[in-house]
Amino acid sequence: MRPHYTPKLKKRTALVRALKEVFRRHRSQPIERVINLINPMLGGWVNYFAVGHSSDGIGGGRSTL
């Protein structure tokens, strides 16, 4: 059995900052384009932390997104 880790606050903060930057830069773009830009970011982040409980780490971020 593997140990379960939640992403550290520093990594969560970096993700939220990157997402906010995408949202800021593409404010006037169609929502489909923005979704296509953030999906690889979120998917890669979740896959990287798949060993642990990434859902616990982003639970508080859902209100931000």
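Residues numbered from 1 in each chain as written. Predicted model: local features only at pLDDT ≥ 70, side-chain atom pairs only at ≥ 80, totals over all residues. Heavy atoms only, no water.

Caption draft 1: Region of the structure containing the overall build of the protein. In terms of helices and strands, the protein carries three helices and zero strands. Secondary structure of the protein in N-to-C order comes out as α-α-α. The buried share of the protein, taken over its 65 residues, is 20%. Summarising the internal contacts of the protein: among those between residues at least 6 apart in sequence, 60% fall at separations of at least 24. Counting every atom, the protein has about 5,200 Å² of accessible surface; 56% of that belongs to carbon and sulfur. (Helix = DSSP H or I, 4+ residues; strand = E, 2+ residues; numbered from the N terminus. Buried < 20%, exposed > 50% of the residue type's maximum accessible area, 1.4 Å probe, protein only. Contact = heavy atoms within 4.5 Å. Areas by Shrake-Rupley, 256 points an atom, 1.4 Å probe, with all protein chains shown as cover.)

Caption draft 2: Seen up close, the environment of A18. The topology assignment puts A18 in helix α1 (residues 9-25). On the basis of relative accessibility, which here comes to 29%, the residue A18 falls in the partly exposed class. When the C-alpha atoms of A18 and I38 are compared, they prove to be 9.2 Å apart, with 20 residues separating the residues in sequence.

Caption draft 3: Quick look at the side chain of H26. Among the structural elements, H26 can be located in the loop between α1 and α2 (31-48). Overall, H26 belongs to the buried group, its relative accessible area being 18%. In this structure H26 touches R33, V34 and L37, once residues within four positions along its chain are discounted.

Caption draft 4: How the structure looks around the nonpolar core. In this structure, L15, L19, V22, I38, W45 and F49 together form the largest nonpolar core, which totals six residues. When residues of this core are traced back to their parent elements, those giving at least two are α1 and α2. Each residue touching V22, except ones within four places of it in the same chain, is listed here: L37, I38 and M41. (Core = buried A, V, L, I, M, F, W, Y, C linked by side-chain atoms within 4.5 Å.)

Caption draft 5: Structural view of α2. With 18 residues, α2 should reach 26 Å at 1.5 Å per residue; the first-to-last C-alpha distance of 26 Å fits that figure. The largest bend in α2 is about 30 degrees, located at I38, with the proline P40 one to four residues further on. Within α2, burial applies to V34, I38 and W45. (Expected span 1.5 Å × (residues − 1). Bend = angle between axes of the 7 residues up to and from the residue.)

Caption draft 6: Region of interest: the environment of E21. Assignment of secondary structure puts E21 in helix α1. Polar side-chain contacts of E21 include one of 2.7 Å to the side chain of R25. (Polar contact = N/O pair within 3.5 Å; in protein donor to acceptor, adjacent residues only side chain to side chain.)

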